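Observations on the three-dimensional arrangement
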Amino acid sequence: MEGWFLSENLWETCRKAKDTMQPRKTNQDIADESGLSVNAVGQFLRGETKSPSVDTAGPICAALGVSMDDHFGVEAPAEDDTSEVCIVSCGSSWRMQSA
């Protein structure tokens, strides 16, 4: 995806959701719902986690009602789409590739 970038980091999207939700949730509430430590939640929401794993970001997003698909612009495939996609390791990163 050359030239592709996000105008906002995922942690910023989550932070905004936390700051504007009613009723308010504390980091402890999010930790309890996500199964993560309060420290991990706080670090993520302050942007201190440089490359958070999906195992960290996913549960926090879920606890805050943030859709990772919406954030990253992922659209559900058409119902008649039979193409396969696999995720492959590229050294220290991952990418999607047609199967």
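Residues numbered from 1 in each chain as written. Predicted model: local features only at pLDDT ≥ 70, side-chain atom pairs only at ≥ 80, totals over all residues. Heavy atoms only, no water.

**With respect to the overall build of the protein**
Summing up its helical and strand segments, the protein has 5 helices and 2 strands in all. With 99 residues in all, the protein has 25% of them scored as buried. Look at the contacts in the protein between residues 6 or more apart in sequence, and 45% of them connect residues 24 or more apart. About 7,200 Å² of surface is accessible on the protein, with carbon and sulfur atoms providing 50% of the total. (Helix = DSSP H or I, 4+ residues; strand = E, 2+ residues; numbered from the N terminus. Buried < 20%, exposed > 50% of the residue type's maximum accessible area, 1.4 Å probe, protein only. Contact = heavy atoms within 4.5 Å. Areas by Shrake-Rupley, 256 points an atom, 1.4 Å probe, with all protein chains shown as cover.)

**Quick notes on the nonpolar core**
Core analysis: the largest hydrophobic core is formed by 15 residues, its most contacted members being Cys-14, Leu-45, Ile-60 and Leu-64. Of all the elements in the fold, those that place two or more residues in this core are helix 1 (10-20), helix 2 (27-34), helix 3 (38-45) and helix 4 (54-64). No other element matches helix 4, which puts 5 residues into this core. Sequence-distant contacts of Leu-64, defined by excluding residues within four places in its chain, comprise Cys-14, Ala-17, Lys-18, Met-21, Ile-30 and Leu-45. (Core = buried A, V, L, I, M, F, W, Y, C linked by side-chain atoms within 4.5 Å.)

**Some remarks on the layout of surface pockets**
Here the second largest pocket defines a volume of roughly 310 Å³. Residue lining of the second largest pocket: 15 residues in total, with Leu-10, Lys-50, Ser-51, Pro-52 and Phe-72 positioned closest to the centre. When contributions to the lining of the second largest pocket are tallied by element, the ones reaching two or more residues are helix 1, helix 4 and helix 5 (68-72). (1 Å grid on protein atoms, 1.4 Å probe; cavity = no way out; pocket = protein on both sides within 12 Å on 5 of 7 lines; lining within 4 Å. Points joined across faces, edges and corners; volume = space filled by probe spheres on them.)

**Considerations on unusual backbone geometry**
Put simply, Gln-22 and Pro-23 share a cis peptide bond, and its omega is -5 degrees. You can see Pro-23 is positioned in the loop between helix 1 and helix 2.

**Topic: the packing of helix 2 against helix 4**
Between helix 2 and helix 4, the least distance of the axes is 9 Å, while the angle of their chain directions is 115 degrees. Every pair of crossing elements has a handedness; the one defined by helix 2 and helix 4 is right-handed. Facing Ile-30, Glu-33 and Ser-34 of helix 2, the residues of helix 4 in contact are Pro-59, Ile-60, Ala-63 and Leu-64. The residue makeup of the contact of helix 2 with helix 4, split by class, is 5 nonpolar, 1 polar and 1 charged. (Axes fitted to C-alpha atoms, helices over the stretch in contact; angles between N-to-C directions. Left-handed = near helix turned anticlockwise from the far one by under 90°. Nonpolar A, V, L, I, M, F, W, Y, C, P; charged D, E, K, R; others polar.)

**Focus on the confidence of the model for the protein**
Confidence in the prediction of the protein, expressed as mean pLDDT, is 82, and 73% of residues score 70 or more. Looking at the elements of the protein, mean pLDDT is at its lowest for strand 2 (residues 93-98), recorded as 56, and at its highest for helix 2, recorded as 98. (pLDDT = per-residue confidence, 0-100.)

**Observations concerning the pattern of salt bridges**
Counting across every chain of the model gives 3 salt bridges. Close ionic contact of Asp-19 with Arg-15 constitutes a salt bridge, the shortest N to O distance being 3.4 Å. Here Arg-15 and Asp-19 lie together in helix 1, a separation of 4 residues that amounts to about one turn. With relative accessibility at 30%, the residue Arg-15 sits in the partly exposed group. Among the salt bridges present, the one from Glu-48 reaches Arg-46, with a minimum N-O distance of 3.0 Å. Of the residues examined, Glu-48 reaches a relative accessible area of 45% and is grouped as partly exposed. (Salt bridge = Lys/Arg side-chain N within 4 Å of Asp/Glu carboxyl O.)

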